[in-house]
Amino acid sequence: MRNSFYLTIFFLFFFLPGLKSQERTHHNEISDMSIYQWSGRNSLISNNITSSLKSKSGYIWITSYNGIMRFDGVNIDIYDRRNLPFLITDAFYQIYETPDSTLFFVSQGSGLIKYNNEKFSQVKSKNGKIPQTITCLNFIENNSYYIGSYNKGVYKIHNDSIFRISEELPDDLSITDIESAGKNHIWIGTEGNGLYEFNDGKINHYTTKNGLINDYIRTLYFDNGQLYIGTQRGLQTFSKNNFQKPFYDSLHINHINSRPDLEHIWMATESGLGKFSKDQNKFLFTQRKGGMILTRLAKIDIEEKNNIWVSTGKDGLLHLRNTGINNYTTDEGLTTNKTNIIREHKGDLYVGTDDGNINIIKNGEISQFPFKLDLKSGIRDILFKGDEILIASYDGLLRVKSGKQKLLTRKDGLPSLDLRKILQVNNEFWIASRTSGVIICENGDFKKALDKNNGLRSNFILALEKDSRGNVYVGTHSGGLSIISPEHTIKNIKIKDNDSGILIFNIHISENDEIYLITNIGLYTLKNQTISKIEIRHSLTGVSFFDAVEDGAGSMWITTNQGILRINKNDIYEFLSGNISSVGSIIMDESDGMANQECTGATRSTLLSDNKIAIPTIGGVSIIDPSGTRIDTDFPNIYIKSLATEGKHYLNDTVELGPGNMRYTFHFSAPQFTSPEAIKFKYKLHGSKEDWTIIQNKRQIQYTSLNPGTYTFEIIPSNVLGEWSNDSASITFIVKPYYYQTTWFYILICILLMLILFLVYKWRVNDIEKRNKQLKKLNSELDRFVYSASHDLRAPLASVLGIVNLAKLDNKTDPQLYFQKIEQSIKKLDRFTKDIIDFSRNARTNLELEKINFEELISGVLEEIKYLDETRRIIIKIENSCDIGFCSDPKRLEIIFKNLISNALKYHNLRQENPQILISINCTKNIASISIKDNGSGISKEHINNIFKMFYRATERTTGSGLGLYIVAETLDKLNGRITVKSELDKGSEFIIEIPNMKKGS
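What counts as what
Residues numbered from 1 in each chain as written. Predicted model: local features only at pLDDT ≥ 70, side-chain atom pairs only at ≥ 80, totals over all residues. Heavy atoms only, no water. UniProt positions renumbered as here; feature names shortened; annotations may be inferred. Pairing = 2+ DSSP bridges. Helix = DSSP H or I, 4+ residues; strand = E, 2+ residues; numbered from the N terminus. Axes fitted to C-alpha atoms, helices over the stretch in contact; angles between N-to-C directions. Phe/Tyr/Trp six-rings, centres within 6.5 Å; stacked < 30°, edge-to-face > 60°. Buried < 20%, exposed > 50% of the residue type's maximum accessible area, 1.4 Å probe, protein only. Lys NZ or Arg CZ within 6 Å of the ring centre and 35° of its normal. Polar contact = N/O pair within 3.5 Å; in protein donor to acceptor, adjacent residues only side chain to side chain. Contact = heavy atoms within 4.5 Å. Parallel < 35°, antiparallel > 145°, perpendicular 65-115°, else oblique. Left-handed = near helix turned anticlockwise from the far one by under 90°. Nonpolar A, V, L, I, M, F, W, Y, C, P; charged D, E, K, R; others polar. Lys, Arg positive; Asp, Glu negative; His and termini not counted. Salt bridge = Lys/Arg side-chain N within 4 Å of Asp/Glu carboxyl O. Core = buried A, V, L, I, M, F, W, Y, C linked by side-chain atoms within 4.5 Å. Disulfide = S-S within 2.5 Å. Expected span 1.5 Å × (residues − 1).

- An unreviewed UniProt entry lists the protein chain under the name histidine kinase, with Mangrovivirga halotolerans given as the organism.
- On record in UniProt, under Catalytic activity (unreviewed entry), the comment for the protein chain is "ATP + protein L-histidine = ADP + protein N-phospho-L-histidine."

Below is the structure:
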């Protein structure tokens, strides 16, 4: 495949006949730039990009026919009709940025869109309508700019008012570009109508009829009095009122761009990328870059460091950078990209490859070594000695001298053909082999072999190097390191106690004989027969080191399977002195310009005479210029894009959030486009207990279940070296509490708790006082009970005893009289005993609830007391209307009825005509009301309040114990009932009882 040199020659000779004598380059400045592509496969929503701009914020803004994209090197934000409802279509043409960082987007169908202070808006005019399709824009000063439209001509917008710039300028032109040439002086490119000049109100029109190369103007650029005009048929300049001779003839030019401080102009075309000097003495052009065919290039945006972003119509966004790394691949003419060894001879590079060829790079051109023999295996090493060349391969040793080529094999005495490395030791050639140890030849003849039979610990030799004292260092596979003195004595040194599986790929010996071993387990150094490992900090996983090369600027470059590590030699000394715990490194890989970051395993790199380093990779040759490598060590800007919670996004600096949010996600961004994966972040949530946390390769942080309060999320970025920026981004937010998490709620709870405690205290005091009152009552009743009980128990017994003594002395009186008196005393004692039993049972037994049949209950009571003398003469009436299921304790009800009815009988007025007792019972589902009413003797008012006291007798004619009504009151208390009395002396009494229904569920 032909390289860009031939493409350049092709265009120069066939399209630029007038420039044959001008300077031409071969491996040129464009091909020396690294290229990285962003497309629909790794970020973008479309590969059809209309323009891009790296804004002052650090973001890359991209326009397409599918919306606007904002890119930070990792994530992309998309703005289209879904989130910008004022858009008519999603198509945009170009982006412009003002000095105050306001962005303007010209669109197809949606007019002019402005982005400022994190918000998009549609530009409106106070006095007229802005065209819907705007193709280009040119700023004059603040609040003033020209806009070009499709089929609507050119307008000027000033302080939000829109005007046509001239009546002489047709109003149906389709404008492609507007370029300022000074105050009140602009150039206007059109689609098919040539070039217009507007200068202090005057209009000049230029077409092919008066010198223009083509009437379809694609792009304009003005610099130092000269207008550059890109058309569909090439590039032309206009200066001193004349069109100059066109160049890049017949190329479809889409965009040209430069800056006043640059000496060159970039050019994007339909068929490649161009670059030419402003004095037009140097012209570069390439159609291929990094294996990519460069077509449909739309726009070029130039960065601060002269790197460029190229928008394409089908390949997405391209980033071309000057990184100090040049590559030679099959695109430039290598026979294969799989390279093994690079040797420099008389300024030319000899590249041994896997296909058995040697590619010669001379002044950027690649040719092949003229082999007369067909080697079947790859070239492993090349050594130049005077006019002789020795070439090692797995086919044997090839000697090239005076045009003759001879392949030495086993027939010539070699013990094996698998040769890897050639080292000149005095007049001998020492050759490392895969199976036969070190093979020594002299004058083209095999001399002897050093192997396991005469001192080596392995026959698989990977590395051979010699120090200034003549000692040869041999690196082996699984045999450690062997040192062979000039007298051929061998000393073996182990890297580990067991070196099985340890490969010493290469040995690097510095100018002052420092020994470094590059192994599959890391970098080691040998000093005073002691091997020490050098700990290197890097972010790579599964990495293998292959070789180490020192440049002349104090750095060591270590090739790996994942790029090249650059470390500082002074850091190695600091590490070996114990001053630091590890050696820092910088990784260079494909993002820094390598065509392929995987260096060829177990091969050597070469320090060239111009202090550049040539590195064989599986993707061609990479040549690094240590003085020209540009590592972006700037700190990226840091932005918090949003705080998201429960599907809502917040962009303000201070956010108030309601209660109940479970997740708080912070989306942040740090625009960086060379090594975004190397950027680290440390963050902290102020207001929480957490400390600073360091992360990498993440652009969002999430917290869960934060307590109510005020928080500030702060985040700080690093650069690619891991150094921390002094700038940070932060967002403050307030998590509002539920009402039960507020201070006033806690105060209210405290008040309520204090009130509850106070009420509990009062209840407890009242309870204690109640208990004390009850105890006093019990003590009083107990005293009265003991006194009265002893009196009431003894009185019947004393009466019986007196009657017995009287009967003994009286022989005349009928004994039945005495027996009758004794019986009366015993019955009185019995009634008193029953009252005491009822009182005790009520106090000590639990309630036994049953459904009550009041008629049966009262009938039973009446049956029990029918033997009282008064019963036969008193009429007892029962009125029972209780027909629902009423539940209570029947035994306690029986005690109540027995005492109240017996009292009504005992204390009745038998002298009246109709002595009677009326028992009335009424029920609801909750309560029973019982009335026992008589027309007996009644109770005087002074006794009403005392009749329920223990042993209280309201009349002298009473024969009772004084416990009956007391027991009634205590029994009702057990049943949660109550009793009231209505009584009038000599007219009767009424006892009214209310008892709750104790049925479950009532």
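**Let's talk about the sheet that holds strand 1 (residues 34–38)**
Step number 1: Taken in spatial order, the four strands of this open sheet run 1-30-29-28, and their pairing is antiparallel. Of all strands in the sheet, those bounded by a partner on one side alone are strand 1 and strand 28 (297–302). Each strand of the sheet is rotated relative to its neighbour by a mean of 20°, with strand direction disregarded.
Step number 2: Two strands pair when backbone bridges link them, and strand 1 and strand 30 (residues 317–321) are joined in this way by five bridges, in the antiparallel orientation. By the bridge assignment, Tyr-36 is partnered in strand 30 with His-319.

**Let's talk about the packing of aromatic side chains**
Step number 1: Taken as a whole and assessed by the stated rule, the structure comprises 51 aromatic pairs.
Step number 2: Measuring from ring centre to ring centre gives 6.3 Å for Phe-92 and Phe-105, while their planes differ by 75°; the resulting arrangement is edge-to-face. Placement of the pair is Phe-92 in strand 6 (residues 92–97) and Phe-105 in strand 7 (residues 103–107), with a sequence separation of 13 residues. Comparing Phe-92 with Phe-105, the two get one shared label, buried.
Step number 3: Relative to Tyr-145, the ring of Phe-104 lies with its centre 5.4 Å away and its plane at 50°, an arrangement referred to as tilted. Taken together, the positions of Phe-104 in strand 7 and Tyr-145 in strand 11 (residues 144–149) put the pair 41 residues apart, joining distant regions of the chain.
Step number 4: Pairwise contacts between aromatic rings join Tyr-221, Tyr-228, Phe-247, Tyr-248, Phe-276, Phe-283 and Phe-285 into one cluster.
Step number 5: Residue placement shows Arg-380 over the ring face of Tyr-394; its charged tip is 4.6 Å from the ring centre.
Step number 6: In this structure, Lys-682 packs its charged tip against the face of Trp-692, placed 5.8 Å from the ring centre.

**So, the pairing of strand 38 (residues 396–401)**
Step number 1: Relative to strand 38, strand 37 (residues 388–393) runs antiparallel, the two sharing six bridges. Bridge pairing in strand 38 places Leu-390 opposite Arg-399.
Step number 2: Hairpin connection from strand 38 to strand 39 (residues 404–408): two residues lie between these consecutive antiparallel strands, with Ser-402 at a positive phi of about 55°.

**Topic: the side chain of Ser-416**
Step number 1: By the element assignment, Ser-416 lies in the loop between strand 39 and strand 40 (419–425).
Step number 2: The exposure class of Ser-416 is buried, given its relative accessible area of 1%.
Step number 3: Among the polar contacts listed, one links the side chain of Ser-416 to the side chain of Ser-436, at a separation of 2.9 Å.
Step number 4: When near neighbours in sequence (up to four residues on either side) are disregarded, Ser-416 contacts Arg-410, Ser-433, Thr-435, Ser-436 and Ile-439.

**A word on the packing of helix 6 (residues 890–906) against helix 8 (residues 964–974)**
Step number 1: Where helix 6 meets helix 8, the axes come as close as 9 Å, and the angle between the chain directions of the two elements is 150°. The angle between the axes of helix 6 and helix 8 places the two elements in the roughly antiparallel class. In the crossing of helix 6 with helix 8, the sense of the turn from one axis to the other is left-handed. Within the contact between the two elements, helix 6 uses Arg-892, Ile-895, Ile-896, Asn-899, Leu-900 and Asn-903 and helix 8 uses Gly-964, Leu-965, Ile-967, Val-968, Thr-971, Leu-972 and Lys-974.
Step number 2: The residue makeup of the contact of helix 6 with helix 8, split by class, is seven nonpolar, four polar and two charged.

**Quick notes on the side chain of Arg-566**
Step number 1: Along the chain, the position of Arg-566 falls in strand 54 (residues 563–568).
Step number 2: Put simply, Arg-566 is tucked away with no salt bridge, and the nearest opposite charge, on Asp-551, sits 5.0 Å away.
Step number 3: Side chain to side chain, Arg-566 and Ser-555 meet in a polar contact 3.5 Å long.
Step number 4: Discounting chain neighbours no more than four positions away, the residues touching Arg-566 are Ser-555, Met-556, Trp-557, Gly-584, Ser-585, Ile-586, Pro-626, Thr-629 and Ile-631.

**Topic: the packing of helix 5 (residues 854–864) against helix 6**
Step number 1: Running from N to C, helix 5 and helix 6 point in directions that differ by 50°, and their axes come no closer than 10 Å. Here helix 5 lies oblique to helix 6, going by the angle between them. Here the hand of the crossing between helix 5 and helix 6 comes out right-handed. In this structure, helix 5 contributes Phe-854, Leu-857, Ile-858, Val-861, Leu-862 and Glu-864 to the contact, and helix 6 contributes Pro-890, Leu-893, Glu-894, Phe-897, Lys-898 and Ile-901.

**Description of the nonpolar core**
Soluble globular proteins tend to pack their nonpolar side chains together in the buried interior.
Step number 1: Core analysis: the biggest nonpolar cluster contains 35 residues, and Phe-854, Leu-893, Phe-897, Leu-900 and Ile-901 have the highest contact counts within it.
Step number 2: Looking at this core, the elements with two or more residues in it are helix 5, helix 6, strand 71 (916–923), strand 72 (927–934), helix 8 and strand 74 (988–996).
Step number 3: Examining the composition of this core, we find that seven residues originate from one element, helix 6, more than from any other.
Step number 4: Not counting the four nearest positions on each side in its chain, Phe-854 is found in contact with Asn-880, Cys-882, Phe-886, Leu-893, Phe-897, Ile-921, Cys-923, Ala-928 and Ile-930.
Step number 5: Within the second largest apolar cluster, 28 residues are counted, among which are Ile-631, Phe-668, Phe-713 and Ala-729.

**Comments concerning the state of the cysteines**
Step number 1: A complete count under the given rule lists one disulfide for this structure.
Step number 2: Two residues, Cys-882 and Cys-923, share a disulfide whose sulfurs are 2.0 Å apart. As the torsion about the S-S bond is roughly -95°, the Cys-882-Cys-923 disulfide counts as left-handed. In this pair, Cys-882 sits in the loop between strand 69 (875–880) and strand 70 (887–888) while Cys-923 sits in strand 71, placing the two residues 41 residues apart along the sequence. Grouping residues by exposure puts Cys-882 and Cys-923 together as buried.

**Structural notes on helix 6**
Step number 1: A rise of 1.5 Å per residue sets the reference length of helix 6, with its 17 residues, at 24 Å; its end C-alpha atoms lie 24 Å apart and thus fit the reference within 8%.
Step number 2: With 14 of 17 residues buried, helix 6 is to be regarded as a mostly interior element.
Step number 3: The N-terminus of helix 6 is capped by Asp-889, whose side-chain oxygen sits 3.2 Å from the backbone nitrogen of Lys-891.

**Observations regarding the environment of Leu-262**
Step number 1: In this structure, Leu-262 sits in the loop between strand 22 (253–257) and strand 23 (264–269).
Step number 2: For Leu-262 and Lys-278, which are 16 residues apart along the polypeptide, the C-alpha to C-alpha distance reads 8.6 Å.
Step number 3: Those residues in contact with Leu-262 that sit more than four places away from it in its chain are Lys-278, Ile-302 and Asn-306.

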